[in-house]
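# Analysis of the macromolecular model
The chain contents come next:
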Amino acid sequence: MKIKKNTVEKNTPKEIVQVKESNIWILSCVFLFLITVGYIYIVTKYTENIPFGDDYDLLNGFNKIIETDNFLEKFILFYSQHSEHRIVFTKFIFLLSFLITGTINFKFIAIVGNIGVLLITILLSYSIFDYKNKQTYLYLLPVFLFLLQICSWEFLIWPMSSVQNTYVLFFAFVALFLLSKDKIYLALFFAFLSTFTSGNGFLTFIAGFGILFLLKSNYKSYLIWAIFFMITMSLYFYSYKESPHHPSIIKALTENPKQLISYFFTFCGSIYQVIFQKSIALKAGIASMAILVFLIIFLKLKNIKIEILGYLFFLLLTSAVISLSRSGFGVEQALGNRYVFYSIIYLTLTYIILMSYYKNSKFSKTVNLFFIFISIIYSYKSYSLNIFPLNNMSYVQKAGVISYNENFNDFFFPELYNGAVESRPILKKAEKLNSYNFPPISLNDIKSSIVNISVPIEQDNNINQGFEIIEFKNYHIVKFGWAFIIGKNSNQSTIYTVLTSDDNKKYVFETKSNYSMEVANHFQTILYQKCGFTFILNKKDIPKGNYKVGILIENDNKKSYVLSDKVINV
């Protein structure tokens, strides 16, 4: 009698591949969801209902719009210039905020601006996404990791800038995408929107001519596009006035072309300062542009989607125009926080071009995994490098509001407001018209808290420090203090304030760290660039009496303490 052996059913190789693809699809969707939610969380956490920089000028203009009952005057104010731009769309978002919330809500405006980043991410992702192919979900990870992070953290604390700088790109890209699909009239609408979102938006029309050429469009399409271009330019430059604060374009071309070229490539390579350092941006910009040119020549254009070429052409034109108009400020200005976003898109498009070419070949996984690795490193470095200045500026904004709410003679952080003299009348007018009010933040909301940390008995002579104490009715404030351990990197230091009573009881308070480039420049080393600190004492937090003020610095898990000559009376 034969005994049958137990048989185990085995999956075929095809079934195993299908299971793996399904797992990849699920994991990719989870990661894409987490990246998006993480970005939304950071945006909602750090954006404040507080204006910043040019937001005050827009608030002033909006006050005038509310004051006038004349529709024509309202229209003219909407159409009016802001610096060298006509930011009609940004003003529309201000109006939308006013209509929805009953006041101008700068948090709402900043969130709308950062939705623009998400929209750009989705639009660029579309170029390599195929919903029928689950593998392409994995292809999207680098796009989301590159774009949905805080390298351009000004987009979170500067509402006007976030709307202007993201939607000019989004509208331009949508216009070029639609034009590549031969939907010329819809494309014209978005090109017009882009132009009246930011000055560089008119370059959408010029990039559009390139797309029409690649499409081998007929004479009629060229004519329609050209007519609308001329009409848009006529409207844009009607009663246009050059900004007196910007460098001359002619001088940039004739007197300092070397600086102009350096600015252009530094602008294009500014993303690489996040991974490496600022000095690498120029060389990285040259290399990244060379790689893009090589890829376009190597792929012979026909293998690259037309809309991608349109996006690249628009970015190159924008980089050139910004370089012409801003290089007079110095090459360092090309590393400006909000400009890094353009450099990120260059890198993202490089990845998209490669994936578009290799996605159906055996090299697709290699290219994809390489860029996933690079994007993870970049995202981590970007977060670790930028979370401090973002957190610090959020604190500075609140401190400025407190200065106003507490009716101090001058602002706690006057640089935030273009000067108290200019900003106070704007804010007072807004309060009167009920167009905007500062949030009810008090010093108690950002006061320094007591922490349970031991203090060394012996003092350390290697601590260098300086600060002044300002006394108010209920608070003592150190607003521009600095302290560091000689020879130690202040980026790795945590500064505390120690108050010692007459009976030798010690109270240790946390401080708010900030950059102090003046101190770093004075001592001629970047080791001390993060040596600044702010200390706010609520007098109710400690018993009455006289207190000697000391500084405690923790660096590399070692504590150093020094007693200053300052005394606080509570």
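Reading the values: rules and limits
- Residues numbered from 1 in each chain as written.
- Predicted model: local features only at pLDDT ≥ 70, side-chain atom pairs only at ≥ 80, totals over all residues.
- Heavy atoms only, no water.
- Helix = DSSP H or I, 4+ residues; strand = E, 2+ residues; numbered from the N terminus.
- Buried < 20%, exposed > 50% of the residue type's maximum accessible area, 1.4 Å probe, protein only.
- Contact = heavy atoms within 4.5 Å.
- Areas by Shrake-Rupley, 256 points an atom, 1.4 Å probe, with all protein chains shown as cover.
- Lys, Arg positive; Asp, Glu negative; His and termini not counted.
- Charge placed at Lys NZ, Arg CZ, Asp CG, Glu CD.
- Pairing = 2+ DSSP bridges.
- Expected span 1.5 Å × (residues − 1).
- Arc of directions from axis to C-beta.
- Polar contact = N/O pair within 3.5 Å; in protein donor to acceptor, adjacent residues only side chain to side chain.
- Axes fitted to C-alpha atoms, helices over the stretch in contact; angles between N-to-C directions.

Quick look at the overall build of the protein now. A count of helical and extended segments in the protein gives 21 helices and nine strands. With respect to the three principal axes, the spread of C-alpha positions in the protein is 100 × 85 × 50 Å. In the protein, buried positions account for 52% of the 570 residues. Taking the intrachain contacts of the protein between residues at least 6 apart in sequence as the baseline, contacts between residues at least 24 apart amount to 74%. Carbon and sulfur atoms form 61% of the exposed surface of the protein, whose accessible area is close to 28,400 Å². The averaged location of the 36 negative side-chain charges in the protein is 12 Å from the averaged location of its 52 positive side-chain charges.

At lysine 216, a position not held by glycine, the phi torsion is positive, near 55°. Here lysine 216 lies in the loop between α11 (203-214) and α12 (219-236). Despite not being glycine, aspartate 556 shows a phi value in the positive range, around 55°. With respect to the secondary-structure elements, aspartate 556 resides in the loop between β8 (546-555) and β9 (558-569).

Once that is clear, we can look at the pairing of strand β5 (residues 506-510). The sheet contact formed by strand β4 (residues 493-501) and β5 spans five bridges and is antiparallel. Across the sheet, residue valine 498 finds its bridge partner in β5, namely valine 508. In sequence, β4 turns back onto β5 through a hairpin of four residues, with asparagine 504 there showing a positive phi of about 70°.

Counted at 1.5 Å a residue, the expected span for helix α4 (residues 88-101) with its 14 residues is 20 Å, and the 20 Å between its end C-alpha atoms agrees. Turning to α4, its buried residues are Phe89, Thr90, Lys91, Ile93, Phe94 and Ser97. In the core, the buried residues of α4 are packed alongside α2 (55-67), α3 (71-79), α5 (106-126) and α9 (159-180). Immediately downstream of α4, the backbone of glycine 102 shows phi near 85°, a positive value.

Attention shifts here to the pairing of strand β7 (residues 532-538). Consecutive side chains along a regular strand alternate between the two faces of the sheet. Judged by how many residues are buried, β7 sits mostly within the fold: seven of seven residues are covered. Neither face of β7 is exposed, since Gly532, Thr534, Ile536 and Asn538 on one face and Phe533, Phe535 and Leu537 on the opposite face are all buried. With six bridges joining them, strand β3 (residues 475-485) and β7 adopt antiparallel strand pairing. Across the sheet, the residue bridging to valine 478 is phenylalanine 535, located in β7. In this structure, strand β6 (residues 512-514) lies alongside β7, joined through three bridges in antiparallel fashion. Looking across to β7, one finds that serine 513 is bridged to phenylalanine 533.

Mapping asparagine 392 onto the fold places it in helix α19 (residues 364-405). Each residue touching asparagine 392, except ones within four places of it in the same chain, is listed here: Lys512, Ser513 and Asn514.

Turning our attention to α2. Along its 13 residues, α2 runs 18 Å from first to last C-alpha, staying within 8% of the 18 Å computed at 1.5 Å per residue. When α2 is considered as a whole, its buried residues turn out to be Asp55, Tyr56, Leu58, Leu59, Phe62, Asn63 and Ile65. Projected down its long axis, α2 shows its buried positions confined to an angular sector of 165°, all on one face.

Structurally, the position occupied by serine 327 is in the loop between α17 (306-326) and α18 (340-358). Residue classification places serine 327 among the buried positions, given a relative accessible area of 2%. At 2.9 Å, the side chain of serine 327 forms a polar contact with the backbone oxygen of serine 323.

Take the sheet that holds β8 next. Here four strands make up an open sheet; going across it, the order is β5-β4-β8-β9 and the pairing antiparallel. The open sheet has two edge strands, β5 and β9, and neither has a second partner. Neighbour-to-neighbour, the strand axes of this sheet turn through a mean angle of 25°, independent of strand direction.

Here we take up the environment of leucine 176. In this fold, leucine 176 is placed in helix α9. Residues leucine 176 and alanine 252, 76 residues apart in the sequence, show an inter-C-alpha distance of 30 Å. If we ignore the near neighbours within four places in the chain, the residues touching leucine 176 are Thr204, Ala207, Gly208, Ile211, Glu307, Gly310, Tyr311 and Phe314.

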